[in-house]
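Each chain, written out:
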Amino acid sequence: MNNLLPLMQREWLQHRFAWAMLVLVPLALSLSVLTVGTIQLDDDMMAMQPRELSLMLAMLSMVITAAVMFLLLGITSLFIALGSPRRDDGDRSIEFWLSLPSGHAESLVAPMLVHLLLVPAAALLVGFVAAVPVSMVVVGRVVGFGEWLTLPWGQIITSVTALMLRGVAGVPLALLWLLPLVLAAMLSNALFRRWGLPLLVVALGLLAQGLERVFGQPLLTEALSALLAHAATSMAGASGGASMQVDGNAVLIESVSRLPGWALRDFGAALRDLAQPLLAGSLALAGALFAALLVWRRRGASVA
C-alpha cells in the first residue's frame, strides 16, 4: 500500500485538470441551455399537480445528471486505463519507475484502481452534487422556484444518497465481471499500440462468428453477452425492478421513500449473482491475462 499510494497520486496529478474540465464544462453548458432554452414536457406530466411535478422533475434531473457524469468520466478513464501499460514504455519513464521501490504489478494495478474504481465512484458523487443546481433550474423554469424550495428535501436527500451508494457499491462488482475484457484490451494495446483495441474487437467478433457458424456453438457470444449483462445489473436492476413497482394511486413521495429499500435489495441481488461459474472462469482468465501483462512489462523493462 505504501507503494500504491504514490502511484495513485501520480494519476491524480497527471489527469486532475482533464477530470475537472469534464465536470465543469458539461455542467456549465447544461445550466446555460436550461436557463435560456425551452423545456417541453408531455401532456401527462403537465397534468400533474405542481408539487408532484416538481418532485418528479427534481428526481429525474438528479438521476440524469449523475448518469451523464458517470458516463463521461467513466468512459474517459476506461480508455486511459487501457492505454496505461504502453504509457510508461512509450516515453521511457519505465526506467524512472524501476528506480523506485515499486514492482511491475503495482505499476499496473495503480492506474486500474484509480481509473476503473475511484474515478467512476467519484463521478457518481460529483454528479449528484452537481445535480442540485440543475434541478433548481429545471423546477424553477417549469413550476417555480418556490416549489423547488418547498420540496421534501429530507426524503430526497435520503433517496438520492441511497441511489448514489448503490451505484458506488456496484462499481467494483461491475469491474469483476468486465475484468477479463479490460485486461485483454490492455494487453492488446500493449502489444499492438493504437491498433490494439480494434484488433481485439475484430478478433473476438470473428472468433464468435466462427464458433457459431462453423461449429454451431455460440459459447463465446453468450459468454460475452452474459458478462456485459451482469456488469450492467451490478450497477442497477439486479433484482429485476419488481420491488420498485407501485400502484397507480400511490403518491409520488411514497415511491421516492421506497428507493433506499430498493437499493439495498438490489445490491443484495447483485451480490448473489456473483456466485456463478461464469465469474470464476472469467476471473481465472483475468489472472492469466494479468500475468501476461507482467511478462510483457518485464521484457520491456529489460530492453530499457
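**Q** I'm lost on the overall build of the protein chain in this one. Help?
**A** Scanning the protein chain from terminus to terminus reveals 12 helices and 0 strands. Starting at the N terminus and walking to the C terminus, you meet the elements of the protein chain as α-α-α-α-α-α-α-α-α-α-α-α. The buried share among the 304 residues of the protein chain stands at 39%. Sequence-distant contacts in the protein chain: of pairs separated by 6 or more residues, those separated by 24 or more amount to 86%. When the accessible surface of the protein chain is split by element, carbon and sulfur atoms take 70% of a total near 16,100 Å².

**Q** Would you mind going over the layout of surface pockets with me for this structure?
**A** Left-over empty space is what a probe sized like a water molecule reveals as it rolls over the atoms. A volume near 720 Å³ is recorded for the largest pocket. Forming the boundary of the largest pocket are 26 residues, of which L78, L178, V182, L228 and A231 lie nearest the centre. Within the residue set of the lining of the largest pocket, elements represented by two or more residues are helix 3 (50-90), helix 5 (104-142), helix 7 (153-192), helix 8 (196-213) and helix 9 (219-235). Looking at the lining of the largest pocket residue by residue, the classes come out as 24 nonpolar, 2 polar and no charged. Reported here for the second largest pocket is a volume of approximately 360 Å³.

**Q** In this structure, what is going on with the pattern of salt bridges? I would like to understand it.
**A** For side chains of opposite charge, pairing can occur when their charged atoms come near one another. According to the stated counting rule, one finds 1 salt bridge in the structure shown. The salt bridge involving R166 is made with D266; its shortest N-O contact spans 2.9 Å. Of the two residues, R166 sits in helix 7 while D266 sits in helix 11 (residues 259-272), which places them 100 residues apart along the sequence. Here R166 matches D266 in class, with each residue buried.

**Q** Would you explain the side chain of S135 in this entry?
**A** Position of S135 among the secondary structure elements: in helix 5. Setting aside its immediate chain neighbours within four residues, S135 contacts A58, S61, M62, G140, W148 and W153.

**Q** Help me understand the nonpolar core in this model?
**A** Side chains of nonpolar character tend, in soluble globular proteins, to be buried together. Of all hydrophobic cores here, the largest spans 39 residues; its most connected members are L55, M59, L73 and I156. Counting residues per element, this core draws most heavily on helix 5, at 10 residues. By size, the runner-up hydrophobic cluster in this structure holds 21 residues, among which are L116, L183, A286 and L289.

**Q** How should I be thinking about a nonpolar patch on the surface in this particular structure?
**A** Together, F17, M21, L24, V25 and L29 line one region of the surface with nonpolar side chains, adding up to about 500 Å² of accessible area. Here M21 shows up in helix 1 (residues 4-36).

**Q** Explanation requested: helix 5 in the structure shown.
**A** Each α-helix turn comprises 3.6 residues. Residues three or four places apart therefore point the same way. Compared with the 57 Å implied by 1.5 Å per residue over 39 residues, the 55 Å span of helix 5 between its first and last C-alpha is a close match. G144 lies just past helix 5 and shows a positive phi near 140 degrees.

**Q** Would you mind showing me how to read the packing of aromatic side chains here?
**A** What characterises a pair of aromatic rings is the spacing of the ring centres plus the angle enclosed by the ring planes. Counted according to the given criterion, the structure contains 3 aromatic pairs. Summarising the aromatic geometry, the rings of F145 and W148 are spaced 5.8 Å apart at their centres and angled 20 degrees between planes, so their arrangement reads as stacked. With F145 and W148 both in helix 6 (residues 145-149) and 3 residues apart, this pair spans about one turn of that helix. Relative accessible area serves as the criterion here: at 42%, F145 is assigned to the partly exposed category. Classification of W148 as buried rests on a relative accessible area of 11%. For the pair W148 and W153, a centre-to-centre distance of 5.0 Å together with 70 degrees between the ring planes defines the contact as edge-to-face. Members of the aromatic cluster, each reached through a chain of ring pairs, are F145, W148 and W153.

**Q** What is the right way to read the confidence of the model for the protein chain from this model?
**A** Interpreting fine coordinate detail is not advised for predicted regions of low pLDDT. Scored by pLDDT, the protein chain comes out at a mean of 87, with 89% of its residues at no less than 70. Segment residues 246-250 is flagged for pLDDT under 50; beyond a separation of four residues in sequence, or across chains, it makes 2 contacts in the model.

**Q** How should the environment of A123 be read in this particular structure?
**A** Positionally, A123 belongs in helix 5. Overall, the relative accessible area of 0% leaves A123 in the buried class. Apart from the residues lying within four places of it in its own chain, the contact partners of A123 are M69, F70 and L73.

Conventions and cut-offs
- Residues numbered from 1 in each chain as written.
- Predicted model: local features only at pLDDT ≥ 70, side-chain atom pairs only at ≥ 80, totals over all residues.
- Heavy atoms only, no water.
- Helix = DSSP H or I, 4+ residues; strand = E, 2+ residues; numbered from the N terminus.
- Buried < 20%, exposed > 50% of the residue type's maximum accessible area, 1.4 Å probe, protein only.
- Contact = heavy atoms within 4.5 Å.
- Areas by Shrake-Rupley, 256 points an atom, 1.4 Å probe, with all protein chains shown as cover.
- 1 Å grid on protein atoms, 1.4 Å probe; cavity = no way out; pocket = protein on both sides within 12 Å on 5 of 7 lines; lining within 4 Å.
- Points joined across faces, edges and corners; volume = space filled by probe spheres on them.
- Nonpolar A, V, L, I, M, F, W, Y, C, P; charged D, E, K, R; others polar.
- Salt bridge = Lys/Arg side-chain N within 4 Å of Asp/Glu carboxyl O.
- Core = buried A, V, L, I, M, F, W, Y, C linked by side-chain atoms within 4.5 Å.
- Patch = residues over 30% accessible without salt bridge, like charges linked within 9 Å, V, L, I, M, F, W, Y side chains within 5 Å.
- Expected span 1.5 Å × (residues − 1).
- Phe/Tyr/Trp six-rings, centres within 6.5 Å; stacked < 30°, edge-to-face > 60°.
- pLDDT = per-residue confidence, 0-100.

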